[in-house]
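# Remarks on the overall topology
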Number of protein chains: 2
Amino acid sequence: MSINPNMAEVASLLSEASRATILASLMDGRFHTASELAFMAAIKPQTASFHLAKLVEGNLVKVEKQGRHRYFQLANVEIAQFLEAFLTISPPPEVRSLKQSSQIKLLQDARTCYDHLAGKLGVQLTESMVSSGYLKKEEQQYTITPTGQLFFTEFGIDLTALTRKRRSFSHACLDWSERRHHLAGALGQGLLTRFFDLAWITRVPSIRAIKVTEKGRQGFKQIFHIDV
Amino acid sequence: MSINPNMAEVASLLSEASRATILASLMDGRFHTASELAFMAAIKPQTASFHLAKLVEGNLVKVEKQGRHRYFQLANVEIAQFLEAFLTISPPPEVRSLKQSSQIKLLQDARTCYDHLAGKLGVQLTESMVSSGYLKKEEQQYTITPTGQLFFTEFGIDLTALTRKRRSFSHACLDWSERRHHLAGALGQGLLTRFFDLAWITRVPSIRAIKVTEKGRQGFKQIFHIDV
DNA sequence: TACATACTTTCACTATAATCGAAATATGGA
DNA sequence: TCCATATTTCGATTATAGTGAAAGTATGTA
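Per an unreviewed UniProt entry, chain A carries the name DNA-binding transcriptional ArsR family regulator and comes from Lysinibacillus parviboronicapiens.

Shown next, in the form of structure tokens:
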């Protein structure tokens, strides 16, 4: 009937609470098994399997088979970015329990957005790098200043290697919880990896939240002037 | 249940073919009455009214009452941008009739994307302005060169007035039909308005396609070196 | 006042889709 | 070969949501 792309088809994949939860869980950028995702969405494995098949068929999710496990992941970075954009225009989560509200707080404090940092920490970090003169904010992206080049190299990030990657280098990603931009792209990914390597941050199990270690607390304070 | 924003709620608004058609129809950025939208989505007025009420309640659409008419419009520019992004990751429309395929062609040739030009014409125009040295493409946006400043002013566009508007000035919008970027933001809107003022383009009734007039054909050729 | 138009609300019908139990399949290890 | 684990397929149940007829409301016109 319509002369426009079949938006409804994709939307119907996202319109179901269980599937939306599965997708949100996959937004940490990692692989998850069907059983894991079933647990996170609080549904039986066979139901999750049913939903995952739909998501794979709709090209939102891809699957890799390894033995009797099947590992699911978001199909590509674009899907992750699209979902993050979707979260920003969606109404905030309803709080129904204490556990839930503390989990929401963890997510809002610091989380991964596919392959880079988001939440309060992600935004603060980005703004700190801007005010320190390492990054310059353009309309929808960040550019590295000469000072920044020195800084990132000294911090242990191989900028030339990142530039070689066939993807956006340093675009601005709108944070759904903070409603402000944070750094994404290859540079954002490089920083996240470095923070893990330095053991400044660790993952919180089952949700895509991030916890700052004591070492990280000191590091973020000293180098980025952020109180975590 | 979920600790993420209620994405499913918004998605369910888009997941229904009639509503998706209504939203796509509203993407021309203009106001439409309930009856018009009912006709475009090929449903009865009472059904359209039912859907429109949902869209308004979900903050995707706003309504203005004037006498016995109720005029509907997308709630804001962000929604329009979000929908355009949604179209790019959605599967292409299925062709079922000759009329439909010619309408699709019209849309792909030239259309409005809320308040700026999109489709082949939009992309060609943008790329022409880049190769002429009026615009410079950054990662996710365009910047005006000094030559460009002269050009736009001479073409009858008040750049200072546009900059004063509280919105993105010249970001890149991904074209769903061309899969390439075109110019959006206040500058994109300024250009569209100017083209209408110059009578280079007119609207095609009932779909958000754009037709280039004979005068426009000459203008686009002379000033932008595009064969339409 | 009477009537037409624009639109919404109510209601009943129908179709679709999510869910889960049960059984089937596939893989790895003992 | 047998069993445990991971996942899918099938089938039945249930809930939900789109649809349009009919009636209702509001606004403008004769």
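Having seen it, we continue.
Residue and element names in this part refer to chain A. The end-to-end C-alpha distance of helix α5 (residues 77-89), which contains 13 residues, comes to 19 Å, matching closely the 18 Å that a straight helix rising 1.5 Å per residue would cover. Within α5, the full set of buried residues consists of Ile79, Ala80, Phe82, Leu83, Glu84, Phe86, Leu87 and Thr88. Where α5 begins, the side chain of Asn76 points an oxygen toward the backbone nitrogen of Glu78, at a separation of 3.1 Å.

Among the nonpolar cores identified, the biggest contains 74 residues, and A:Phe86 and B:Phe86 are the most heavily contacted of them. Apart from residues lying up to four places away in sequence, B:Phe86 is in contact with A:Met7, A:Val10, A:Ala11, A:Leu14, A:Phe82, A:Phe86 and B:Leu14. Among the nonpolar cores identified, the runner-up in size contains 31 residues, and A:Met129, A:Ile144, A:Leu162 and A:Phe169 belong to it.

Moving on to the relation of the copies chain B and chain A. For the match of chain B to chain A, the screw axis carries a shift of 0.1 Å, the RMSD comes to 0.1 Å, and the turn is 179°. Within this description, the copies of the chain are treated as partners about a two-fold rotation axis. Residue B:Ala11, judged by its C-alpha, is the member of chain B lying nearest the rotation axis, at 2.6 Å. Comparing interface residues between copies, 98% of those in chain B also sit at the interface in chain A, which points to an isologous, same-surface contact.

Every α-helical turn comprises 3.6 residues, leaving residues that sit three or four positions apart pointing alike. All names here are of chain B. When the terminal C-alpha atoms of helix α7 (residues 119-131) are compared, their 18 Å separation across 13 residues agrees well with the 18 Å that a helix rising 1.5 Å per residue should span. Here α7 has its buried residues at Gly119, Leu121, Gly122, Val123, Leu125, Thr126, Ser128 and Met129. At the C-terminal side of α7, Gly133 shows a positive phi close to 85°.

Around DNA strand D lies a shell of 20 residues, among which A:Ser35, A:Ser49, A:Arg70, B:Arg19 and B:His51 are the nearest. The sugar and phosphate moieties of DNA strand D supply 70% of its atoms located within 4 Å of the protein. B:Glu16 is positioned such that a nitrogen or oxygen atom in its side chain is 3.3 Å from a sugar or linking oxygen of DNA strand D. Of all elements in the fold, only α3 (34-40), α4 (45-57) and β3 (69-74) of chain A together with α2 (17-26) and α4 (45-57) of chain B reach the threshold of two or more residues within the surface near DNA strand D. Within the surface near DNA strand D, the residues separate by chemical class into 3 nonpolar, 10 polar and 7 charged.

Residue-level contacts link 47 residues of chain B with 46 residues of chain A. Between chain B and chain A, a total of about 4,300 Å² is buried, with carbon and sulfur atoms accounting for 67% of that surface. Taken together, the links from chain B to chain A amount to 0 salt bridges. In terms of residue count, helix α1 (residues 7-14) of chain B provides more of the side of chain B that touches chain A than any other element does, 7 residues in total. Here the residues of the side of chain B that touches chain A are counted per class, giving 26 nonpolar, 14 polar and 7 charged.

As a further point, take the domain arrangement of chain A. Residues and elements named next belong to chain A. Each assigned domain of chain A is listed here: domain 1 (7-75) and domain 2 (98-224). Just the C-alpha atoms count here: the centres of domain 1 and domain 2 sit 26 Å apart. Each partner contributes residues to the interface: domain 1 has 7 residues there, and domain 2 has 6 residues. Summed over both partners, the interface of domain 1 with domain 2 comes to about 690 Å²; 57% of that surface belongs to carbon and sulfur atoms. When residues of domain 1 are sorted by the area they lose upon contact with domain 2, Met27, Asp28 and Arg30 head the list and together hold 58% of the total. Inspection of the domain 1/domain 2 interface yields 2 residue pairs in polar contact (both at pLDDT 80 or more). Looking at the side of domain 1 that touches domain 2, its residues break down into 4 nonpolar, 1 polar and 2 charged.

With that settled, the discussion passes to the environment of B:Leu192. Residue and element names in this part refer to chain B. When you line up the elements, Leu192 lands in helix α10 (residues 185-197). The class for Leu192 is buried, based on a relative accessible area of 6%. Counting along the chain gives 18 residues from Leu192 to Ile210, while the straight-line C-alpha distance between them is 11 Å. With near-sequence residues (within four places) excluded, Leu192 lies in contact with Thr112, Asp115, His116, Leu117 and Ile201.

Around DNA strand C sit 21 residues in total, of which A:Gln46, A:His51, B:Ser35, B:Ser49 and B:Arg70 are the nearest. The contact atoms of DNA strand C, taken as those within 4 Å of the protein, divide so that sugar and phosphate hold 71%. Within the contact set of DNA strand C, a base nitrogen lies 2.6 Å away from a side-chain nitrogen or oxygen of A:Gln46. For DNA strand C, a phosphate oxygen lies 2.5 Å from a polar atom in the side chain of B:Arg70. When residues of the surface near DNA strand C are traced back to their parent elements, those giving at least two are α2 (17-26) and α4 of chain A together with α3 (34-40), α4 and β3 (69-74) of chain B. Per-element tally for the surface near DNA strand C: the top contributor is α4(A), with 5 residues. Residues of the surface near DNA strand C, tallied by class, amount to 4 nonpolar, 10 polar and 7 charged.

Now for the sheet that holds strand β1 (residues 32-33) of chain A. Pairing is antiparallel in the open sheet, where 3 strands are placed in the order β1-β3-β2 (chain A). With partners counted over all chains shown, the strands left at the sheet margins are β1 and β2 (61-66) of chain A, one partner each.

Attention now moves to unusual backbone geometry. For residues besides glycine, phi is generally negative; the peptide bonds are generally trans as well. Residues and elements named next belong to chain A. Of note, the phi angle at Ala42 is positive, near 55°, even though the residue is not glycine. Relative to the helices and strands, Ala42 resides in the loop between α3 and α4. In this structure Ala42 comes out as exposed when scored by relative accessible area, which is 52%. One non-glycine residue, His225, adopts positive backbone phi at about 55°. With respect to the helices, strands and loops of the structure, His225 is situated in the segment after α11 (214-224).

Right, let's talk about the packing of helix α1 (residues 7-14) of chain A against helix α5 (residues 77-89) of chain B for a bit. Closest axis-to-axis distance for the α1(A)/α5(B) pair is 9 Å, and the angle between their directions is 95°. Compared by their axis directions, α1(A) and α5(B) come out roughly perpendicular. Along its contact with α1(A), which presents A:Met7, A:Val10, A:Ala11 and A:Leu14, the element α5(B) presents B:Leu83, B:Phe86, B:Leu87 and B:Ile89. The residue inventory of the contact of α1(A) with α5(B), partitioned by class, reads 8 nonpolar, no polar and no charged.

Procedures and definitions
- Residues numbered from 1 in each chain as written.
- Chains lettered and ligands numbered in written order.
- Predicted model: local features only at pLDDT ≥ 70, side-chain atom pairs only at ≥ 80, totals over all residues.
- Heavy atoms only, no water.
- Helix = DSSP H or I, 4+ residues; strand = E, 2+ residues; numbered from the N terminus.
- Expected span 1.5 Å × (residues − 1).
- Buried < 20%, exposed > 50% of the residue type's maximum accessible area, 1.4 Å probe, protein only.
- Polar contact = N/O pair within 3.5 Å; in protein donor to acceptor, adjacent residues only side chain to side chain.
- Core = buried A, V, L, I, M, F, W, Y, C linked by side-chain atoms within 4.5 Å.
- Contact = heavy atoms within 4.5 Å.
- Least-squares fit on C-alpha atoms with pLDDT ≥ 70 in both.
- Near = heavy atom within 4 Å.
- Nonpolar A, V, L, I, M, F, W, Y, C, P; charged D, E, K, R; others polar.
- Buried area = accessible area lost by both parts, 1.4 Å probe.
- Salt bridge = Lys/Arg side-chain N within 4 Å of Asp/Glu carboxyl O.
- Domains from an automatic or database assignment.
- Pairing = 2+ DSSP bridges.
- Axes fitted to C-alpha atoms, helices over the stretch in contact; angles between N-to-C directions.
- Parallel < 35°, antiparallel > 145°, perpendicular 65-115°, else oblique.

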